[in-house]
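# Report on the structure
Chain by chain, the residues:
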Amino acid sequence: MQFIEKNWKGMLLCLIISTPCWFLGKMFPLIGGPVFAIIAGMIVTLFIHDKTNLQTGINYVSKKILQYAVILLGFGLNLSVVLQTGVQSLPIIISTIATSLLIAWAMHHWMGMPTKISTLVGVGSSICGGSAIAATAPVIKADDEEVAQSISVIFFFNMVAALVFPTLGMLVGFSAGSGEAFGIFAGTAVNDTSSVTACAATWDSMHNLGSATLDKAVTVKLTRTLAIIPITMVLAYLTTKNAKNAAGAEGNSYSIKSVFPFFIIYFVLASVITTIALNMGVAIEAFNPLKTLSKFFIVLSMCAIGLNTNIVKLIKTGGKPILMGFCCWVGITVVSLIMQHVLGLW
């Protein structure tokens, strides 16, 4: 009862704002519900002069619900299929992830960008957009404005990719008779699932391939999602190490338990449960409600993050993150194309 009394107002506000954003995302998948939600939250918060009674609920949604969304994301992963696809796409996935992280690291030092935003943009660009940022933010203790800025950058380039990549695929000479090469390209070079879907579905439609490209792209994208596990573990270690050094200098103690991403363990467990169930004959459709709930939770948490974000400050400080996001995006695109050519996929 105490939890409800303390949080219900802020949680209800997030629900009221995010529900129409969820449906707008369905109507305009190229933009997506999370983008609508984060923008709506930033606009609504301008008209709220006193958030005292709302803040605890908003904070709960932006932190805890975000972690629950990542856990539920595991119910969309069939590890058997992911491992089969990984044999073919893993070299490309590793190369693109490494490229994005290296670019983000280099630009962080070159432009003097804040470490947390640089990390979120690098991870979001290289793995799976909003889901990767959702998993990484609690580990590195990023605040809501840093998350909002990173999400905005990632989703902008996702939208551009979904519009541009089908034409780019034709220009570079991807086979129009098969969706495999373009599916791998879309799955490795586009971040958010909705944008991957839009990009691959466009290629299918252009060349009358049914859902061949879409199936390939989504499976490759899910394979990339597994990179959340090692990335968050490494970041947890580095965060703990840095905090211990700082605490040692100040004579305080610091524990890895405070940053260890325990919710990632549940994400892995959800993936294992899904894989076992599917191998036992359970239909994949049985997990659709949980996958849908995961997506809605991301929209809900993005709304809360928007409510905690100063849109004016975001616009004023957005130049460097956008430049970093652009460089990561271009780097991933080029490396994905080069690796496919080296591997003889096109």
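Computed from a predicted model, the values in this text were never measured in an experiment.

Turning our eyes to something else, we now look at the overall build of the protein chain. In terms of regular secondary structure, the protein chain is built from 15 helices and zero strands. Radius of gyration (C-alpha) of the protein chain: 20 Å, near the 20 Å computed for a compact globule of 346 residues. Its C-alpha atoms put the protein chain at 60 × 45 × 45 Å along the principal axes. Buried residues in the protein chain amount to 52% of all 346 residues. Counting only carbon and sulfur atoms, one obtains 70% of the accessible surface of the protein chain, whose full area is about 15500 Å². Put simply, the protein chain has 19 plus and 12 minus side-chain charges, and the middle of one group is 6 Å from the middle of the other.

Our next topic: the environment of Gly 33. Here Gly 33 lies in helix H2 (residues 33-44). Looking at Gly 33, the relative accessible area reads 8%, which means it is buried.

It is worth spelling out the layout of surface pockets at this point. Remark: the empty space left among the atoms is shown by a probe the size of a water molecule rolled over them. Approximately 890 Å³ is the volume attributed to the largest pocket. Elements represented by at least two residues in the lining of the largest pocket include exactly helix H1 (2-27), H2, helix H3 (55-73), helix H4 (79-111), helix H6 (130-140), helix H9 (193-207), helix H10 (212-225) and helix H13 (288-307). At seven residues, H10 tops the list of elements feeding residues into the lining of the largest pocket. Residues of the lining of the largest pocket, tallied by class, amount to 16 nonpolar, 14 polar and six charged. Along the walls of the second largest pocket sit 21 residues, with Trp 105, Thr 115, Thr 119, Leu 235 and Leu 238 positioned nearest its centre. Class assignment of the residues belonging to the lining of the second largest pocket gives a composition of 11 nonpolar, eight polar and two charged.

By the definition in use, this model includes one cavity of 30 Å³ or more. There is about 40 Å³ of room inside the largest cavity. Around the largest cavity, the lining residues are Ser 125, Val 153, Ile 154, Phe 157, Asn 191, Gly 325 and Trp 329. Elements supplying a minimum of two residues to the lining of the largest cavity: helix H7 (144-172) and helix H15 (319-342). Among the elements that make up the lining of the largest cavity, the one with the highest residue count is H7 (three residues).

What follows covers a nonpolar patch on the surface. A contiguous nonpolar patch, built from Trp 110, Leu 323, Phe 326, Val 330, Val 334, Ile 338, Val 342 and Leu 343 and spanning about 760 Å² of accessible area, is present on the exposed surface. Top element by residues in the nonpolar patch is H15. It accounts for six residues. Looking at where Val 342 falls in the secondary structure, it is placed in helix H15. By relative accessible area, which is 63% here, Val 342 ends up exposed.

The α-helix winds at 3.6 residues per turn, so residues separated by three or four positions along the chain end up facing the same way. Here H7 spans 39 Å end to end across 29 residues, near enough to the 42 Å set by a 1.5 Å rise per residue. Positive phi shows up at Gly 173, right after H7, with a value of about 95°.

Moving on, we come to the pattern of salt bridges. Here the structure, examined in full by the defined rule, presents one salt bridge. With a closest N to O distance of 3.3 Å, Lys 63 and Asp 144 form a salt bridge. Pair noted here: Lys 63 is in helix H3 and Asp 144 is in helix H7, with a separation of 81 residues, a long-range link. Asp 144 sits in the buried class, given a relative accessible area of 8%.

With that out of the way, let us pick up the packing of aromatic side chains. Per the counting criterion, the structure on display carries 15 aromatic pairs. Here the aromatic rings of Phe 3 and Tyr 60 are separated by 4.9 Å at their centres, their planes lie at 75°, and the arrangement is edge-to-face. In this pair, Phe 3 is assigned in helix H1 and Tyr 60 in helix H3, connecting sequence segments 57 residues apart. Taken together, a centroid distance of 5.6 Å and an interplanar angle of 40° make the contact between Phe 174 and Phe 185 tilted.

Let's shift gears to the packing of helix H8 (residues 180-189) against H9. With their axes 9 Å apart at the nearest point, H8 and H9 run at an angle of 160° to one another. Our classification of the angle between H8 and H9 gives roughly antiparallel. For the crossing formed where H8 meets H9, the hand is right-handed. Taken together, the residues of H9 that come into contact with H8 (itself represented by Phe 182, Ala 186 and Gly 187) are Val 196, Cys 199, Ala 200 and Trp 203. By residue class, the composition of the contact of H8 with H9 is six nonpolar, one polar and no charged.

Criteria and cut-off values
- Residues numbered from 1 in each chain as written.
- Predicted model: local features only at pLDDT ≥ 70, side-chain atom pairs only at ≥ 80, totals over all residues.
- Heavy atoms only, no water.
- Helix = DSSP H or I, 4+ residues; strand = E, 2+ residues; numbered from the N terminus.
- Rg over C-alpha atoms; globule rule 2.2 N^0.38 Å.
- Buried < 20%, exposed > 50% of the residue type's maximum accessible area, 1.4 Å probe, protein only.
- Areas by Shrake-Rupley, 256 points an atom, 1.4 Å probe, with all protein chains shown as cover.
- Lys, Arg positive; Asp, Glu negative; His and termini not counted.
- Charge placed at Lys NZ, Arg CZ, Asp CG, Glu CD.
- 1 Å grid on protein atoms, 1.4 Å probe; cavity = no way out; pocket = protein on both sides within 12 Å on 5 of 7 lines; lining within 4 Å.
- Points joined across faces, edges and corners; volume = space filled by probe spheres on them.
- Nonpolar A, V, L, I, M, F, W, Y, C, P; charged D, E, K, R; others polar.
- Patch = residues over 30% accessible without salt bridge, like charges linked within 9 Å, V, L, I, M, F, W, Y side chains within 5 Å.
- Salt bridge = Lys/Arg side-chain N within 4 Å of Asp/Glu carboxyl O.
- Expected span 1.5 Å × (residues − 1).
- Phe/Tyr/Trp six-rings, centres within 6.5 Å; stacked < 30°, edge-to-face > 60°.
- Axes fitted to C-alpha atoms, helices over the stretch in contact; angles between N-to-C directions.
- Parallel < 35°, antiparallel > 145°, perpendicular 65-115°, else oblique.
- Left-handed = near helix turned anticlockwise from the far one by under 90°.
- Contact = heavy atoms within 4.5 Å.

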